[in-house]
Amino acid sequence: MNKHHTDGAADVSTGTVNEVGGGTEAAIPELVIISGMSGAGRSTAAKCLEDLGWFVVDNLPPALIPTMVELGARSQGNVARIAVVVDVRGGRFFDNLRESLADLDAKRVTRRIVFLESSDEALVRRFESVRRPHPLQGDGRIVDGIAAERDLLRELRGDADLVIDTSSLNVHELRAKMDAQFAGEEEPELRATVMSFGFKYGLPVDADLVVDMRFLPNPHWVPELRPFTGLNEEVSNYVYNQPGAKEFLDRYTELLQLIAAGYRREGKRYVTVAVGCTGGKHRSVATAEKLAARLSSAGVETVVVHRDMGRE
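Residues numbered from 1 in each chain as written. Predicted model: local features only at pLDDT ≥ 70, side-chain atom pairs only at ≥ 80, totals over all residues. Heavy atoms only, no water.

**Student:** Outline the side chain of Lys281, listing residues and values.
**Tutor:** Looking at the secondary structure, you find Lys281 in the loop between β11 (270-277) and α9 (283-297). Contacts of Lys281, omitting those with residues within four sequence positions, involve Arg226, Pro227, Phe228, Thr229, Gly230 and Glu312. (Helix = DSSP H or I, 4+ residues; strand = E, 2+ residues; numbered from the N terminus. Contact = heavy atoms within 4.5 Å.)

If you want it as structure tokens, here you go:
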């Protein structure tokens, strides 16, 4: 198929823009699409990127995203990074998002999707605190609007490169998470978050992979170890002197290396590995630290989070 371009049009298939008469080429901007549940912190995430120098457009109809990328490419480098907030406020335009994403992929535009997630309880509490209706609740309840929105966004959430659960985060903590992912001058090939957690407090909703360490004896039942956490050397040694512990760590590290290579090939830049035990204090903490060290040594930029440590 022959492709025809008007003067000054963006040739996004090659990642350049041909300027009229000048013979110069400009790179296509980076693109981040911010979406997620209403009340989960999309505006905060967008403001964080704006503070980092991104050109942010709120509530842009999805059909206009490719046009925005082309306009950014014509800016002679003045708009090198674009963030677009897309959500259910777009009404019928939201239905065009899938088509726009396919268009961007066909033109080889590098784009990432950040999805802001939160529990129903947290979302209801936030809407009630500001006395605002959910945009989809109509004549029903807030929970009805939330359920409808989850259904609309389910496929997009599955395609997201980065899912952030804001259920227990305040504004400053969300900004810190966004800074950790986007503040670097150079984007690494893959970034990993290794999170310890306690199964009795629930699974992390933003986990890509879940590791269950409850097959090992629990240091909680060792009186001299109970007060400590998996950060303590004695606890870590106890956990990894158990039969099968070191073998599991070695083999799971090999598995993560295979998965990481696949993520890179697929263009996925973020992965969250959730490591669980009963209370999120001993076995999961010790294992999260060891896995993070293995990933870091393999060249994966890694952050460790101990979600439930200290809750007991």
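Still to come is the rest of the account.
**Student:** Just give me the short version of the sheet that holds strand β4 (residues 30-36), but keep the residues and values in it.
**Tutor:** Pairing in this open sheet of five strands is parallel, and the strands run β5-β6-β4-β7-β8 from one edge to the other. The sheet is open, and its two borders are formed by β5 (55-58) and β8 (162-165), each paired with just one other strand. The mean angle between the axes of side-by-side strands here comes to 20 degrees, regardless of whether they run parallel or antiparallel. As paired strands, β4 and strand β7 (residues 111-117) are joined by six bridges and run parallel to one another. In the sheet register, Ile33 faces β7, and the bridge partner there is Ile113. (Pairing = 2+ DSSP bridges. Axes fitted to C-alpha atoms, helices over the stretch in contact; angles between N-to-C directions.)

**Student:** Which residues make up unusual backbone geometry, and what are the values?
**Tutor:** You will see that Asn59, though not glycine, has its phi angle at about 55 degrees, which is positive. By secondary structure assignment, the location of Asn59 is in the loop between β5 and α2 (65-73). Located in the positive-phi region is Arg131, a residue other than glycine, with phi close to 55 degrees. On the secondary structure map, Arg131 appears in the loop between α4 (120-130) and α5 (142-159). Residue classification places Arg131 among the exposed positions, given a relative accessible area of 79%. (Buried < 20%, exposed > 50% of the residue type's maximum accessible area, 1.4 Å probe, protein only.)

**Student:** Give me the packing of helix α7 (residues 233-240) against α9: which residues, what numbers.
**Tutor:** Packing of α7 against α9 brings their axes to within 9 Å, and their N-to-C directions diverge by 90 degrees. By the angle between their directions, the pair α7 and α9 is classed as roughly perpendicular. Contacts between α7 and α9 involve Ser236, Val239 and Tyr240 on the former and, on the latter, Arg283, Ala286, Thr287 and Lys290. For the contact of α7 with α9, the per-class residue count stands at three nonpolar, two polar and two charged. (Parallel < 35°, antiparallel > 145°, perpendicular 65-115°, else oblique. Nonpolar A, V, L, I, M, F, W, Y, C, P; charged D, E, K, R; others polar.)

**Student:** Describe helix α8 (residues 245-266), listing the residues and the values that go with them.
**Tutor:** Each α-helix winds once per 3.6 residues, and so residues spaced three or four apart point in a common direction. Look at α8: 31 Å from first C-alpha to last across 22 residues, which is about the 32 Å you get at 1.5 Å a residue. In this fold, the buried residues of α8 make contact with β10 (209-212), α7, β11 and α9. (Expected span 1.5 Å × (residues − 1).)

**Student:** Describe the sheet that holds β11, and please don't skip the residues or the numbers.
**Tutor:** Strands sit in the order β10-β11-β9-β12 across an open sheet of four strands; the sheet is parallel. Edge positions in the sheet fall to β10 and β12 (301-306), since each of these pairs with one other strand and no more. For this sheet, the mean inter-axis angle between neighbouring strands, taken without regard to orientation, is 20 degrees. Where strand β9 (residues 191-198) meets β11, eight bridges bridge the pair, whose relative direction is parallel. Counterpart to Ala192 in the pairing with β11 is Val271. Against the sheet, helix α6 (residues 171-182) makes contact with β9 and β11, and its axis sits at roughly 145 degrees relative to β9, the strand it touches most. Those strands touched by α8 are β10 and β11, and its axis lies near 175 degrees from that of β10.

**Student:** Describe in detail the environment of Ala40, supporting the description with residues and values.
**Tutor:** By secondary structure assignment, the location of Ala40 is in the loop between β4 and α1 (42-51). Residue classification places Ala40 among the buried residues on the basis of a relative accessible area of 3%. In the structure, Ala40 is positioned 86 residues away from Arg126 in sequence and 8.8 Å away in space, judged by C-alpha atoms. Those residues in contact with Ala40, other than ones at most four positions away along the chain, are Leu116, Glu117, Ser118, Leu123, Arg126, Thr166 and Leu174.

**Student:** Can you lay out the nonpolar core for me, pointing to particular residues and giving the numbers?
**Tutor:** Grouped together as the largest cluster of nonpolar side chains are 47 residues, with contacts concentrated most on Ile34, Ile65, Met178 and Phe182. If near-sequence neighbours (up to four positions away) are discounted, Ile34 is found in contact with Arg42, Ala45, Ala46, Leu49, Ala83, Val84, Val85, Val86, Val114 and Leu116. Leu256, Ala260, Val271 and Ala292 belong to the second largest nonpolar core, which has 27 residues in total. (Core = buried A, V, L, I, M, F, W, Y, C linked by side-chain atoms within 4.5 Å.)

**Student:** With reference to specific residues and values, describe the pattern of salt bridges.
**Tutor:** Note on pairing: side chains with opposite charge can pair once their charged atoms come close. Evaluated as defined, the whole model comprises 20 salt bridges. In this structure, Glu301 engages Arg191 in a salt bridge whose closest nitrogen and oxygen atoms are separated by 3.5 Å. With Glu301 in strand β12 and Arg191 in strand β9, this pair connects stretches of sequence that are 110 residues apart. Residue Glu301 is classed as partly exposed on the basis of its relative accessible area of 38%. Among the ionic pairs, Asp308 bridges to Arg311, the shortest N-O distance being 3.0 Å. Counted as one network, the salt bridges with shared partners bring together Glu117, Asp120, Arg150 and Arg157. (Salt bridge = Lys/Arg side-chain N within 4 Å of Asp/Glu carboxyl O.)

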